[in-house]
There are 4 protein chains.
Amino acid sequence: MGMPMELQTLIVTKGNEQRVQGNLFVLKKDGYRLYPLDVPLEVRRTLQSEASGIAVVKKLEWENNRTTVTYELVSLYSTN
Amino acid sequence: MGMPMELQTLIVTKGNEQRVQGNLFVLKKDGYRLYPLDVPLEVRRTLQSEASGIAVVKKLEWENNRTTVTYELVSLYSTN
Amino acid sequence: MGMPMELQTLIVTKGNEQRVQGNLFVLKKDGYRLYPLDVPLEVRRTLQSEASGIAVVKKLEWENNRTTVTYELVSLYSTN
Amino acid sequence: MGMPMELQTLIVTKGNEQRVQGNLFVLKKDGYRLYPLDVPLEVRRTLQSEASGIAVVKKLEWENNRTTVTYELVSLYSTN
């Protein structure tokens, strides 16, 4: 029996991230999405936008066909 | 960059499951283990033992190289 | 960026398997489907049917949004 | 029962890639490694080196605890 999921190589926030504290953010997404933990990933606001920074996923939760990803922003790109 | 994980097709409890309420159990495991959600999986006490029942994973959490799986036992096999 | 895939816990043939030789079969499926290799999986003709046997996936190929799975039937259930 | 695998977000060649034709390369790796197909991935010679280009995985094969990945180099970074 199959479980649909989506393998992710980037964190695309669409502006929906919420700051937990300091550089730690939480982002909720529909469906089951597999983000690699403990490795650096690019963060973008949209799929087409430039990378806004680099983050490391610290926690991944799947429940009720929803994904909650907690990531730490480890570097932020200057945009000016 | 790589993230090691283990794809699971069964729930092997080794007797470490904890009942949350009713037929809902929580099991913690070392490492990142991918259990399919929302589909029936066999539950066994050890890898070599007979299936003790069928469960459906309702929630999966990965953090600090640990997996927490919450499953609902949907049928229990008689063992006598 | 995301890649959709489907995590599988069973081999559902829908009668589309082709025998390569002896107990070795090849099955093609649409999309990217992740079958665990080197571990026993149930084989069914349809998702609802009884297991017809147990197989071990020996090879998995993904290309052009198609999955080719080569499996060895290791036991066959009697159906009478 | 579990199948160990490694989720990849980059292609690290260690100089072991072989050119098939034009911009198409084949790389073999030990173990089962999951590279997302059909999405752009960075190519590096070593994990610590700068990206040498961007590639798209066109084919992934798993067999005998070995991974064969076929990728198309879609852009090459200048290194001088």
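Predicted, not measured: the structure shown is a model, and the values here were computed from it. (Residues numbered from 1 in each chain as written. Chains lettered and ligands numbered in written order. Predicted model: local features only at pLDDT ≥ 70, side-chain atom pairs only at ≥ 80, totals over all residues. Heavy atoms only, no water.)

### Quick notes on the confidence of the model for chain A
Heads up, the condition is: Values of pLDDT, which run from 0 to 100, indicate the predictor's confidence residue by residue.
With 96% of its residues at a pLDDT of at least 70, chain A reaches an overall mean of 94. Confidence metrics for the complex model read pTM 0.94 and ipTM 0.93.

### Points about the interface of chain A and chain C
Operational definition: Should any heavy atoms of two residues lie within 4.5 Å, those residues are counted as being in contact. A quick way to say it: buried area is the sum, across both parts, of accessible area lost when two parts are put together, with a 1.4 Å probe. Salt bridge criterion: a side-chain nitrogen from Lys or Arg within 4 Å of a carboxyl oxygen from Asp or Glu. Under this definition, polar contacts are N or O atom pairs within 3.5 Å; protein pairs additionally need one hydrogen-donor-capable and one acceptor-capable atom, and for neighbouring residues in sequence, both atoms have to be side-chain atoms. Each helix is a run of DSSP H or I of at least 4 residues and each strand a run of E of at least 2, with the numbering of both proceeding from the N terminus. Put simply, Ala, Val, Leu, Ile, Met, Phe, Trp, Tyr, Cys and Pro go in the nonpolar bin, Asp, Glu, Lys and Arg in the charged bin, and everything else, Gly too, in the polar bin. Following DSSP output, two strands are said to pair if at least two bridges run between them.
Counting residues at the interface gives eleven residues for chain A, matched by eleven residues for chain C. Where chain A abuts chain C, roughly 1,000 Å² becomes buried across the two surfaces, and 57% of that area is made up of carbon and sulfur atoms. At the surface where chain A touches chain C, the tally comes to zero salt bridges. Run the count over chain A and chain C and you get three residue pairs in polar contact (both at pLDDT 80 or more). Here the element with the most residues in the side of chain A that touches chain C is strand β1 (residues 2–8) of chain A; it accounts for seven residues. In terms of residue class, the side of chain A that touches chain C is built from seven nonpolar, three polar and one charged. As paired elements, β1(A) and strand β1 (residues 2–8) of chain C share seven bridges and run antiparallel to each other. Looking at β1(C), one finds that A:Pro4 is bridged to C:Glu6.

### Here's the deal with the environment of D:Val12
Residue and element names in this part refer to chain D. Relative to the elements of secondary structure, Val12 occurs in strand β2 (residues 10–12). Val12 sits 60 residues away from Glu72 along the chain, and the two C-alpha atoms are 14 Å apart. In this view, Val12 contacts Leu27, Lys29, Arg44, Arg45, Thr46 and Leu47; residues no more than four positions away in its chain are not counted.

### So, the pattern of salt bridges
Residues and elements named next belong to chain D. To keep it simple, the criterion reads: Accessible area is worked out with a 1.4 Å probe on protein chains only. A residue is then buried under 20% of its type maximum, exposed over 50%, and partly exposed in between.
As enumerated under the stated definition, the model contains 16 salt bridges over all chains in all. Across the salt bridge formed by Glu72 and Lys58, the nearest N and O atoms sit 3.9 Å from each other. A residue pair is termed long-range when its members are at least 10 positions apart, and Glu72 in strand β8 (residues 66–76) and Lys58 in strand β7 (residues 51–63) qualify at 14 residues. Taking the relative accessible area as the measure of exposure, Glu72 reaches 30% and is therefore partly exposed.

### Some thoughts on the sheet that holds strand β5 (residues 33–34) of chain B
The four strands are arranged β5(B)-β1(B)-β1(D)-β5(D) in an open sheet whose pairing can be described as mixed. Taken across any chain shown, the strands that pair with only one partner, and hence form the sheet edges, are β5 of chain B together with β5 (33–34) of chain D.

### Section: the relation of the copies chain A and chain C
Selection criterion: The fit set for superposing copies consists of C-alpha atoms from residues with pLDDT of at least 70 in both; the fit itself is least squares.
Between chain A and chain C, which share one sequence, the superposing operator has a rotation angle of 180° and an axial displacement of 0.0 Å; the RMSD is 0.0 Å. Look at the turn and shift together and you get a two-fold axis relating the two. Taking C-alpha positions as reference, the residue of chain A nearest the rotation axis is A:Met5, located at 2.8 Å. The residues that chain A uses at the interface reappear at the interface of chain C in 100% of cases, marking a shared surface.

### A closer look at the interface of chain A and chain B
Contacts between the two partners involve 18 residues from chain A and, on the opposite side, 18 residues from chain B. Carbon and sulfur atoms supply 66% of the area buried between chain A and chain B, which totals about 1,500 Å² over both sides. The interface formed by chain A and chain B contains two salt bridges. Two residues, B:Glu63 and A:Lys59, come together in a salt bridge whose shortest N-O distance is 3.9 Å. Only β1 and β7 (51–63) of chain A provide two or more residues apiece to the side of chain A that touches chain B. When residues in the side of chain A that touches chain B are grouped by element, the largest group, six residues, is from β7(A). For the side of chain A that touches chain B, the per-class residue count stands at eleven nonpolar, two polar and five charged. Inspection of the sheet shows β7(A) paired to strand β7 (residues 51–63) of chain B by five bridges, in the antiparallel sense. Bridge pairing in β7(B) places A:Glu63 opposite B:Lys59.

### Comments concerning the sheet that holds strand β5 (residues 33–34) of chain A
Across the sheet, four strands lie side by side as β5(A)-β1(A)-β1(C)-β5(C); this open sheet has mixed pairing. In this open sheet, the two edge strands, each paired with only one partner strand, are β5 of chain A together with β5 (33–34) of chain C. Relative to β5(A), β1(A) is paired through two bridges, and the arrangement is parallel. Directly across from A:Glu6, in β5(A), lies its bridge partner A:Arg33.

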